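Analysis of the macromolecular model
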Amino acid sequence: MLTDALRQALKDAQAQVNSLVLGKEQAVRLAFTALLADGHLLIEDLPGLGKTTLAHAMAATLGLGFQRVQFTSDLLPSDIVGVSVYDAQARSFSFHPGPVFTQVLLADEINRAPPRTQSALLEAMAEHQVTVDGTTHALPQPFFVIATQNPVDLAGTYPLPDSQLDRFLLRLDLGYPDEAAERALLAGADRRTLIAQAMPMLGDDDVLRLRKAAGAVHASDALVRYVQALLARSRHHAGVRVGLSPRAGIALLRAARAHALLLGRGHVLPDDVQHLFAAVAAHRLVADVDAGDDTTLAQAILHAVAVD
């Protein structure tokens, strides 16, 4: 059960991020949804539209440790997870942790690193731990990855494999700001300065309590059947070569519970599922070559399934 103070702190945290990332209320809510659902976030959009600003604003507002890794073609797995170094005086190896040992990790332009380096994040994202030289090291909690990639400039990039995409609870794009928001950005202070002045609204324990509360949000049997019907439809929908797995359904329910909590409800509605379906499902669908983009397919699947 959430206290009134924690509910207000959550509202204040969202308001502060919205004041730093102007005109993107829906994207900010989705980012908080991924955080409270104990998932990770993939932001796919053009440069200069606020992907990194959103990550920095989230970290500053949550009061969590933050690290940014710029993914490049020469980045090694050890540059992310860390490395064991031999200490001649002690005659033993000591582990030097990499930037993944933080609470909010920004993996910038993740598709510019080769697959071996991308895969270094798989265990961290799925298990909240990394294994180096046979020794497992737990990551700080809470742990939240925000990754970015440019969907247009694909020269010299390595598309994320399906197994890696499946580790991201939500994928979203920010898009261009509306006229009023863009004018405010042009006339206002530098975002980096404002983020540096931002006050933490939540803390480690607050985020963990919110995650626990999100997991306790009620999802009725009818709503679970609705999610199952969406999964089934995706496996037989025209243009879809590989549909959604049961894990995708679990992810959708987790996200819907967190979304309901953000809106102040203790139960999930079909509206939560419908609002999140494309962000959860599109990057998990494998489409036929001539079937169009995956977001359009996800929307078509959603419209093809009626709510009981």
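The structure this text deals with has already been given above.
Residues numbered from 1 in each chain as written. Predicted model: local features only at pLDDT ≥ 70, side-chain atom pairs only at ≥ 80, totals over all residues. Heavy atoms only, no water.

Describing the pattern of salt bridges
Counted under the stated rule, the structure contains 11 salt bridges. Salt-bridge contacts for Asp108 lead to Arg68; the nearest nitrogen and oxygen are separated by 2.5 Å. Here Asp108, found in strand S5 (residues 104–108), pairs with Arg68, found in strand S2 (residues 66–70); they are 40 residues apart in sequence, far enough to count as distant. Judged by its relative accessible area of 5%, Asp108 falls in the buried class. We note a salt bridge from Arg247 to Asp166, for which the minimum N-O separation is 2.6 Å. Of this pair, Arg247 sits in helix H12 (residues 246–262) while Asp166 sits in the loop between helix H7 (162–165) and strand S9 (170–172), placing them 81 residues apart in sequence. Through salt bridges that share partners, Glu44, Arg171 and Asp294 make up one connected network. (Salt bridge = Lys/Arg side-chain N within 4 Å of Asp/Glu carboxyl O. Helix = DSSP H or I, 4+ residues; strand = E, 2+ residues; numbered from the N terminus. Buried < 20%, exposed > 50% of the residue type's maximum accessible area, 1.4 Å probe, protein only.)

Considering helix H2 (residues 25–36)
An ideal rise of 1.5 Å per residue puts 16 Å on 12 residues; H2 measures up with 16 Å between its terminal C-alpha atoms. Counting buried positions along H2 gives 9 out of 12 residues, so the element sits mostly inside the fold. Looking at H2, one finds that the buried residues are Ala27, Val28, Leu30, Ala31, Phe32, Thr33, Ala34, Leu35 and Leu36. Looking one or two residues past H2, Asp38 carries a phi angle of roughly 60 degrees, positive in sign. (Expected span 1.5 Å × (residues − 1).)

A look at the pairing of strand S8 (residues 144–149)
Burial within S8 is extensive, with 6 of its 6 residues counted as buried. Burial along S8 is two-sided: the face carrying Phe144, Ile146 and Thr148 and the face carrying Val145, Ala147 and Gln149 are both buried. Here 4 bridges tie strand S1 (residues 41–44) to S8, and the two strands are oriented parallel to one another. When the bridges of S8 are listed, Glu44 appears paired with Gln149. Pairing analysis gives 4 bridges linking S5 to S8, with the strands arranged parallel. (Pairing = 2+ DSSP bridges.)

Some details on the packing of helix H11 (residues 221–234) against H12
Look at H11 against H12: their axes get within 10 Å of each other, and the N-to-C directions meet at 140 degrees. In terms of orientation, H11 lies oblique with respect to H12. For the pair H11 and H12, the crossing hand works out as right-handed. Together, Leu223, Val224, Val227, Leu230 and Leu231 of H11 and Pro246, Ala248, Gly249, Leu252 and Leu253 of H12 make up the contact between the two elements. Partitioned by chemical class, the residues of the contact of H11 with H12 number 9 nonpolar, 1 polar and no charged. (Axes fitted to C-alpha atoms, helices over the stretch in contact; angles between N-to-C directions. Parallel < 35°, antiparallel > 145°, perpendicular 65-115°, else oblique. Left-handed = near helix turned anticlockwise from the far one by under 90°. Contact = heavy atoms within 4.5 Å. Nonpolar A, V, L, I, M, F, W, Y, C, P; charged D, E, K, R; others polar.)

Some details on the environment of Arg241
Looking at the secondary structure, you find Arg241 in strand S10 (residues 240–242). Along the backbone, Arg241 and Tyr158 are 83 residues apart, and their C-alpha atoms lie at a distance of 21 Å. Not counting residues up to four positions away in its chain, the partners in contact with Arg241 are Val286, Ala287 and Asp288.

Concerning the environment of Asp166
For Asp166, a relative accessible area of 14% gives the class buried. Residues Asp166 and Arg116, 50 residues apart in the sequence, show an inter-C-alpha distance of 17 Å. Leave out the neighbours within four places in its chain, and Asp166 touches Arg247 and Arg284. Separated by 2.6 Å, the side chains of Asp166 and Arg247 make a polar contact. Here the side chain of Asp166 touches Arg284 through a polar contact of 2.8 Å, side chain to side chain. (Polar contact = N/O pair within 3.5 Å; in protein donor to acceptor, adjacent residues only side chain to side chain.)

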